[in-house]
Amino acid sequence: FESLTALPTNFLMRASEEERARASAFFPVVGLFLGIVMNITHRISLLVLPEDMADFLAIAVLALASGGFHLKGFGDWLERFFAGEQAAVANSTSRAFSDGKIRASGIILIQWLQFLALTRVPSSYKSVALTLMPMVTHWVMIQVCYGLRFFTVTAFPDFCSMIGLKEVSTATIFSLAVLTLYLRLNAATVAAIMIVFSIIFILLHRIKGWALREDVLGAVGETSGLLFLVFAPYLNL
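Every chain's residues receive numbers from 1 upward, in the order its sequence appears when written. Residues qualify for local features only when their pLDDT is at least 70, as the model is predicted, and side-chain atom pairs are given and counted only at 80 or more; totals for whole chains, interfaces and linings, by contrast, use all residues. Derived side-chain values reflect all non-hydrogen atoms in the structure, with water molecules and hydrogen atoms excluded from consideration.

S.K.: Honestly, unusual backbone geometry in this entry has me stumped. Any pointers?
M.R.: When glycine is set aside, most residues are seen to have a negative phi, and most peptide bonds are trans. In the Ramachandran plot, arginine 184 falls in the positive-phi region, its phi being about 55° despite a non-glycine side chain. Strands are runs of DSSP state E lasting at least 2 residues, helices are runs of H or I lasting at least 4, and numbering of each runs from the N terminus. Counting through the fold element by element, arginine 184 comes out in the loop between α8 (165-183) and α9 (186-208).

What follows is the structure, encoded as structure tokens:
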């Protein structure tokens, strides 16, 4: 919760990198909490707002509850994607290579696409999609974080290099259990889509020779969330 949400934890001491690595097993738990917050917000707002406005508010609440962590990372990753690794590193402070235009445009675009995808989800099972979406994205994040460390020269944040099979397995078992509870046999379809997405994302960075940095987690979170919402109408939730 300290790393992935904007909620005040009031801890006297911040967690070490090793503790963060062990806690990564619970990424999907935090994601499920955020999904429940989204669902509750959506249900309450439907009492006074049209459905499309309630959809928009749910997407906005997710960004606020996560402290903009994913959005900021996605914007930084998008700049690195278009500007190249060396340009991004050289201008990491001034952002001179794009003046922040790519970053800002990317953040607006991904939010808008998620909103449009959510509006296409049938109302009868939109609450299920809202509940599961953040959990799935956080599960994909730990998959990619674990997988990328085998293909990159440097790793930041450092805790990614400390994540082991124990953490990945725990996150996977929890995620599959929740998906099965909500989706029954369709859980296998969602799992397959997200695992393939993780592999493609990892291979993309391997081909480009990119270092693993914190922006990767934000990029994975936002893009996998969009992917889940795009496929949701076809899953008969």
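S.K.: Is there a simple way to think about the packing of aromatic side chains in this case?
M.R.: Centre distance and the angle of the planes are the two values used to describe a pair of aromatic rings. Here the aromatic set is Phe, Tyr and Trp, taking the six-membered ring for Trp, and pairing holds for ring centres within 6.5 Å; pairs whose planes are under 30 degrees apart are stacked, those over 60 apart are edge-to-face, and all others are tilted. By the definition in use, this model includes 6 aromatic pairs. Ring geometry for phenylalanine 1 versus phenylalanine 33: centroids 5.3 Å apart, planes at 70°, classification edge-to-face. Here phenylalanine 1, found in the segment before α1 (17-23), pairs with phenylalanine 33, found in helix α2 (residues 27-45); they are 32 residues apart in sequence, far enough to count as distant. On the basis of relative accessible area, phenylalanine 1 is assigned to the partly exposed category, the value being 42%. Each residue is placed in one exposure class: buried if its accessible area under a 1.4 Å probe, protein chains only, is under 20% of its type's maximum, exposed if it is over 50%, and partly exposed if it falls in between. For phenylalanine 33, a relative accessible area of 33% corresponds to the partly exposed category. Between tryptophan 112 and phenylalanine 115, the aromatic rings sit 5.2 Å apart at their centres with planes inclined by 45°, giving tilted as the arrangement. You can see tryptophan 112 and its partner phenylalanine 115 sitting in helix α6 (residues 101-119), 3 residues apart, about one turn around the helix. Counting every residue linked through ring pairs, the aromatic cluster contains Phe74, Trp77, Phe197 and Phe201.

S.K.: Which parts of the structure should I look at to understand the side chain of glutamine 114?
M.R.: By the secondary structure assignment, glutamine 114 is in helix α6. Looking at glutamine 114, its side chain comes within polar contact range of the side chain of glutamate 222, at 2.8 Å. Two residues form a contact once any of their heavy atoms are found within 4.5 Å. Ignoring anything within four residues of it in the chain, the contact list for glutamine 114 reads Ile59, Glu222, Leu226 and Leu229. In protein, a polar contact requires one atom able to donate a hydrogen and another able to accept it; more generally it is a pair of N or O atoms within 3.5 Å, and residues adjacent in sequence count only if both atoms are side-chain atoms.

S.K.: Explain the pattern of salt bridges here, please?
M.R.: Side chains that differ in charge, positive against negative, can pair when their charged atoms come close. Here, a salt bridge means any Lys or Arg side-chain nitrogen found within 4 Å of an Asp or Glu carboxyl oxygen. Following the criterion strictly, the structure yields 6 salt bridges and no others. A salt bridge links glutamate 51 to lysine 126; its shortest N-O distance comes to 2.9 Å. Placement of glutamate 51 in helix α3 (residues 51-65) and of lysine 126 in helix α7 (residues 126-148) is noted, with a sequence separation of 75 residues between them. Several salt bridges converge on common partners, so that one network encompasses Glu51, Asp55 and Lys126.

S.K.: Before we go on, may I ask you to explain the environment of alanine 65 in this structure?
M.R.: Positionally, alanine 65 belongs in helix α3. Between the alpha carbons of alanine 65 and leucine 7 there is a distance of 7.1 Å; along the sequence they are 58 residues apart.

S.K.: Which parts of the structure should I look at to understand the nonpolar core?
M.R.: Soluble, globular proteins show a tendency: their nonpolar side chains are buried together. To define a nonpolar core, start from buried Ala, Val, Leu, Ile, Met, Phe, Trp, Tyr and Cys residues and group those joined through side-chain atoms within 4.5 Å. Counting residues in each nonpolar core, the largest one holds 63 residues, and the members touching the most others are Leu179 and Phe228. Of all the elements in the fold, those that place two or more residues in this core are α2, α3, α4 (69-83), α6, α7, α8, α9 and α10 (214-231). Top contributing element to this core by residue count: α7, with 15 residues. If sequence neighbours within four positions are ignored, phenylalanine 228 has contacts with Ala129, Leu132, Met133, Val136, Val190 and Met194.

S.K.: Would you take a moment to explain the environment of glutamate 2 for this structure?
M.R.: With respect to the helices, strands and loops of the structure, glutamate 2 is situated in the segment before α1. Distance from glutamate 2 to arginine 14, taken between C-alpha atoms, is 8.2 Å for residues 12 residues apart in sequence.

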